Amino acid sequence: MIYIIDLLALRASPSENGGKEEASPMAKKKRKKSPPPRKLSLPACAAVLAMLTICVIAFAWSSINKRVSTVLSNPLADSDSAIYSDAFAIRSENLPAPSILKEQLIRRHYRQVEQTPRFPGEFRIQGSLFDIYVRELTHLSNEPRAAHKIRIDFEKASLIEPGSETSLSEAQLEPAPLSNLDPSDLRAAENKPLSAIPLVAQQAVIAIEDSRFYSHHGVDLAGILRALWVNLSSMRISQGGSTLTQQLAKNLLFSPERTISRKFKEIIAALALEQRLSKSEILEMYLNEVYLGQEGAVALHGIPQAASSFFGKRVEDLSLAEAATIAGIIQAPSLYSPRRHPDRAIKRRNLVLQRMEEEGFIKTADLRAALHTKLNIVKEPAHRREAPHFIAALRKELSERLGDDAALTQGERIETGLDLHAQRCAEYAVERGLSDLEKHYPRFRRGKRLEAALVSLEPFSGKVRAWVRGRDFGKSQFDRVDQARRQIGSTIKPFVYLTALDSKLNSYKAATTTTILPDRPMQFDIPNQSTWEPENFDHEFRGEVTLRYALENSLNIPAAYIAQRVGLHAVATTLHKFHVSDGTIPEVPALALGSLDTTLLSLTAAYAAIANGGQYVQPRLFLRVADSDGETILREEIKEERLVDEGPVFVLTNILQGVVERGTGTAARRYGFRGNAAGKTGTSNESRDAWFVGFTPNLATGVWVGLDDNTMIDLTGGKAAAPIWGDYMHCVSGEIAESTFVAPRDVQWIDIDADSGALATPECPRERVVREIFVTGTQPQTGCPLHGAVSIPSFPGTAETTPPSPRRKRSIWDMLFG
């Protein structure tokens, strides 16, 4: 602007030679004497200057206001270069719990407002109604969608588009960033609504940073004049005179440099913010965004994160003195860090408290009490890094796939299928589960500490929904999900019995749920070694049992017996089919009881194939990697493979449902999960490893518990792993669709007599008739032998499968259901 005025002045001033051009004498005679040039008057210069100023301000307002609008509609837009979670689906047929939906909105930096949402990224709650202005969805693993409004009525269980009242089947919240691509650029923050931040914390910040916050419109002229006087007196820029709104504008839009041009832009942005947001919304954003120092490589942002990092508590639990301490840090986070400079922090805290008393926020008695409060800072900083277990596994995977670590920086956006809520549920379940075990078994409190791992997969897509590699990522980065190879124990048995249930997997005719198996002492010859005598876990023998009862109660002897009958080679082939192990599988009798090492990821993916009706889908840690131009660098497509027919898998699933309902896995119901589920416990030799792998139609999850040095823990999968699984499933059940296992066409439900196992007849007592599941063609063909001369179906080719007579003490009812 000054440059333009200088040009105008130059043009208006006479030239160096008096403003007269050199000319020949002849020309002077012919040319008339020109009038002297007119000079711009001072008012004219002022008018030009004013017009230029208005143009500059108008241009600045238009540009900055547009940028403010973009940031408010998507505050995460500037961090596009990152690793992202999956989009969050809201389905009308199975709405998430209101608390989970609110958590997902806040995690994505949506702002709760009191009026109808006007901008993308806002939501309102009125009783059972949620009005949400959903941001634009550009996640390329989903269909792109423009920003739009939705309304959820939890009382009516409806999802509609307001205005048109059109019913919607589904809506999606955009993916949330999990981590920056640059591992050195770490930010710790925990977003909270204003209602969750104590009033004393709000007042402390206002008292020390902007006491006129509620009376100005974004810019405090008195504050600016005061700062100008101080800066002129000291001949340096030492004060900014910025309001909270200006500070928020700086944090959201600008660099931290102190220049006149940036201050001008900051003022324009503050006015734009005040025009668009209420004071409460501005204060909420500020309290969640304000920079509060550096802990190593991690930048602390927001009052909630400072409460956790400095005092080890939730922001809701902050005391007056603690709130004042955090507010005092804002001016100079490094100088007033309570961890590094406690004396300075206390002085600053006391100043904040005095300002609060002057503003009438606290009483004199509260001031005196707070001034004498000791500064109790936690020794170690506590930062909540989002999904660190998963991020580490993803970085390793991408590093291997792209060639080297440097290749990661080529990716501008990495899209994953991680479910943020499920991840937090998993971390919490592992933490609580191990804590409960240490509480009940004091031996784990000293010396060696129990470890656990959990992985959760979506069966039909292969998306990794949650990944916890251990109890404390900060202390151990060893990945127990896909690096630790441990003996899997009885979690192998479903694959043994599936080999028997499916006639295509063995050279015998198919077994059924009512097939009679021996549970008595027996020996198996091992080539070049002595004989092997398997025992049940409880060292008891039950005589004869059905296949269903044997698997539901994880009996060892029937499993070893049936593996011998179908052939160990056939069992090993099934295990290879399901990718339980891609290495050499030893075809020895103990294989039937789990003498096979593999990873939790491989085992869980195999169970996911059972949940998916016999179709295996390879687990996917990521979906796509894109460069800065949006071009795909690497894409992980769905890789699926039909392994076996649906019928036998459905029969197996039904038996595994019995494991959860009345077998060895009943502890999975301990924490309140009541959904349809199937699963299997596992305990390795000498109780070194405890397992539980279970699934619903939409989610397959595996849990391992043990010690890293592979020593004995003397805990079963039912005691150690199943409760963790159940706790996790109870936590995620509020957002996953409730569904049932759908029977395929090649199975039949048949009424059978509980005492004989044959087809029920009208003469059979109704209380002894049960419905049982069979693959079509394997069901009993004749009526009950108690009322007709027929035999019950038995496993072919063995003397041990002689039909039980009516005089036997144990009935099929006993064998089916114990």
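A. Here's a closer look at the overall build of the protein chain. Scanning the protein chain from N- to C-terminus turns up 24 helices and 29 strands. Out of the 818 residues in the protein chain, the part that is buried amounts to 52%. Relative to all contacts within the protein chain whose residues are 6 or more apart in sequence, the contacts with residues 24 or more apart total 68%. Here the protein chain displays about 38,100 Å² of accessible surface, and carbon together with sulfur accounts for 52% of that area.

B. Broad picture of the nonpolar core. Core analysis: the biggest nonpolar cluster contains 92 residues, and Phe390, Trp467, Phe495, Leu575, Phe578, Val580 and Phe695 have the highest contact counts within it. Tallying contributions element by element places helix H20 (residues 600-611) first for this core, with 10 residues. Every residue in contact with Leu575, bar those within four places of it in the chain, is listed here: Ile492, Phe495, Val580, Ser581, Ile585, Leu591 and Leu596. In terms of nonpolar packing, the next biggest core, distinct from the first, is built from 54 residues, Ile64, Ala207, Phe213 and Phe311 among them.

C. Summary view of the state of the cysteines. Counted under the stated rule, the structure contains one disulfide. Here Cys425 connects covalently by a disulfide to Cys731, the sulfurs 2.0 Å from one another. In this structure the cystine formed by Cys425 and Cys731 twists about its S-S bond by roughly -65°; its chirality is therefore left-handed. Taken as a pair, Cys425 in helix H15 (residues 420-440) and Cys731 in helix H23 (residues 722-732) lie far apart in primary sequence, 306 residues in all. The thiol of Cys764 is unpaired, and the distance to the nearest cysteine sulfur, on Cys784, comes to 3.9 Å.

D. Quick look at helix H4 (residues 98-107). All of the buried residues in H4 are Ile100, Leu101, Gln104, Leu105, Ile106 and Arg107. Of the residues flanking the end of H4, it is His109, one or two places downstream, whose phi is positive at about 65°.

E. Examining the packing of helix H11 (residues 320-329) against helix H12 (residues 342-358) more closely. At a minimum axis separation of 8 Å, H11 and H12 run at an interaxial angle of 110°. Considering the angle they form, H11 stands roughly perpendicular to H12. In this structure, H11 uses Leu320, Ala321, Ala324, Thr325, Ala327 and Gly328 to contact H12, whose residues at the interface are Arg348, Arg349, Val352, Leu353 and Met356. Residue classes in the contact of H11 with H12 are distributed as seven nonpolar, two polar and two charged.

F. How the structure looks around the sheet that holds strand E10 (residues 177-180). Strands sit in the order E10-E1-E14-E22-E23 across an open sheet of five strands; the sheet is mixed. Either end of the sheet is taken by a strand with one partner, and the two such strands are E10 and strand E23 (632-635). Sheet twist, expressed as the average angle between the axes of neighbouring strands with direction ignored, equals 15°. Pairing analysis gives three bridges linking strand E1 (residues 82-84) to E10, with the strands arranged antiparallel.

G. The arrangement of the environment of Gln247 in detail. Within the fold, Gln247 resides in helix H7 (residues 244-253). Residue Gln247 is classed as buried on the basis of its relative accessible area of 12%. Spatially, the C-alpha atoms of Gln247 and Gly218 are 9.9 Å apart, while their sequence positions differ by 29 residues. If sequence neighbours within four positions are ignored, Gln247 has contacts with Glu209, Ser242, Tyr286 and Ile330.

H. Spotlight on the packing of H15 against H23. Following both chains from N to C, one finds H15 and H23 inclined at 145°, their axes separated by 8 Å at the closest point. In this structure, the crossing between H15 and H23 has a hand that is right-handed. Between H15, through His421, Ala422, Cys425, Ala426, Tyr428, Ala429, Val430, Arg432 and Gly433, and H23, the contact on the second element is made entirely by Ile724, Asp727, Tyr728, Cys731 and Val732. Counted by class, the contact of H15 with H23 contains 10 nonpolar, two polar and two charged residues.

I. Representation of the side chain of Glu284. The residue Glu284 is located in helix H9 (residues 279-289) in this model. There is no salt bridge for the buried Glu284, and the closest opposite charge comes from Arg111, which lies 6.9 Å off by N-O distance. Excluding anything up to four places from it in sequence, Glu284 contacts Arg111, Gln112, Lys192, Pro193 and Leu194.

J. Quick peek at the pairing of strand E27 (residues 700-706). The buried fraction of E27 is high, at seven of seven residues. Of the two faces of E27, the one lined by Ala700, Gly702, Trp704 and Gly706 and the one lined by Thr701, Val703 and Val705 are each fully buried. Of the pairings in the sheet, the one linking strand E15 (residues 451-457) to E27 comprises seven bridges and is antiparallel in character. When the bridges of E27 are listed, Leu454 appears paired with Val703. Two strands pair when backbone bridges link them, and strand E26 (residues 689-695) and E27 are joined in this way by seven bridges, in the antiparallel orientation.

K. Expanded view of the sheet that holds strand E7 (residues 158-161). Strand order across the open sheet formed by six strands is E3-E4-E5-E6-E7-E8, with mixed pairing between neighbours. Of all strands in the sheet, those with a lone pairing partner are strand E3 (111-112) and strand E8 (166-167), marking the two edges. Where E7 lies against E8, two bridges are found, and the strand directions are antiparallel. Along E8, the bridge assignment pairs Ile160 with Ser167. Of the strands in this sheet, E3, strand E4 (122-126), strand E5 (129-134) and strand E6 (148-153) are in contact with H4, which crosses E5 at around 25°.

L. Summary view of the packing of aromatic side chains. For the structure on display, the rule yields eight aromatic pairs. Measuring from ring centre to ring centre gives 5.3 Å for Phe130 and Phe154, while their planes differ by 80°; the resulting arrangement is edge-to-face. Residue Phe130 is located in strand E5, and its partner Phe154 is located in the loop between E6 and E7; the two are separated by 24 residues in the primary sequence. Exposure remark for Phe130: the relative accessible area of 3% places this residue in the buried category. Members of the aromatic cluster, each reached through a chain of ring pairs, are Phe495, Phe578 and Tyr607. Sitting over the face of the ring of Tyr110, Arg135 holds its NZ or CZ atom 4.2 Å from the ring centroid. Above the face of the Tyr84 ring, Arg413 is positioned so that its terminal group lies 4.0 Å from the ring centre.

M. Local environment of helix H19 (residues 568-577). Leu568, Ala570, Val571, Ala572, Thr574 and Leu575 are the residues of H19 that are buried. Tucked inside the fold, the buried residues of H19 contact helix H16 (493-501) and helix H18 (556-566). Trailing H19 by a residue or two, His579 shows a phi angle of about 60°, which is positive.

N. Looking closely at the environment of Ala737. Within the secondary structure layout, Ala737 lies in the loop between H23 and strand E28 (747-753). A residue is classified by how much of its surface remains accessible, and Ala737, at 21% relative accessible area, is partly exposed. Spatially, the C-alpha atom of Ala737 lies 9.8 Å from that of Leu699, the residues being 38 residues apart in sequence. Here Ala737 is in contact with Asn94 and Asn698, once residues within four sequence places are set aside.

The rules we used
- Chains are numbered independently. Their residues run from 1 in the order of the written sequence.
- Where local features are concerned, this predicted model is filtered to residues with pLDDT of at least 70; where side-chain atom pairs are given and counted, the filter is 80 or more; whole-chain, interface and lining totals use all residues.
- Each side-chain value is worked out from all heavy atoms of the structure, with water and hydrogens disregarded.
- Each helix is a run of H or I in the DSSP string that is no shorter than four residues. Each strand is a run of E no shorter than two, and both are numbered from the N terminus.
- Partly exposed describes any residue whose relative accessible area lies between the buried limit of under 20% and the exposed limit of over 50%, with all areas from a 1.4 Å probe on protein chains only and scaled to the type maximum.
- Contacts were defined at the residue level, with two residues in contact if any of their heavy atoms lie within 4.5 Å.
- All accessibility values rest on the Shrake-Rupley procedure with a 1.4 Å probe; residue burial counts only the protein chains present in the view.
- Remark: nonpolar core denotes a set of buried residues (Ala, Val, Leu, Ile, Met, Phe, Trp, Tyr, Cys) joined through side-chain atoms within 4.5 Å.
- Disulfides are defined as pairs of cysteine sulfur atoms found within 2.5 Å of each other.
- Lines fitted to C-alpha atoms define the axes, with helix axes restricted to the stretch in contact, and inter-axis angles between N-to-C directions lie between 0 and 180 degrees.
- Note on angle classes: values under 35 degrees are labelled roughly parallel, values over 145 roughly antiparallel, values of 65 to 115 roughly perpendicular, and the remainder oblique.
- Classes in brief: Ala, Val, Leu, Ile, Met, Phe, Trp, Tyr, Cys and Pro nonpolar; Asp, Glu, Lys and Arg charged; the others, Gly included, polar.
- Two strands form a pair only when DSSP identifies at least two bridges running between them.
- Note: crossing handedness is left-handed where the near helix turns anticlockwise from the far helix by less than a right angle, and right-handed where it turns clockwise.
- A residue counts as positive if it is Lys or Arg and as negative if it is Asp or Glu; His and the chain ends are not included.
- We count a salt bridge whenever a side-chain nitrogen from Lys or Arg sits within 4 Å of a carboxyl oxygen from Asp or Glu.
- Whether two aromatic rings pair depends on their centres lying within 6.5 Å, for rings of Phe, Tyr and Trp, where Trp uses its six-membered ring; planes under 30 degrees apart make the pair stacked, over 60 edge-to-face, and the rest tilted.
- We call a charge positioned over a ring when the NZ of a Lys or the CZ of an Arg lies within 6 Å of the ring centre and within 35 degrees of the ring normal.

Note that all results are geometric; they support no functional claim without further evidence.
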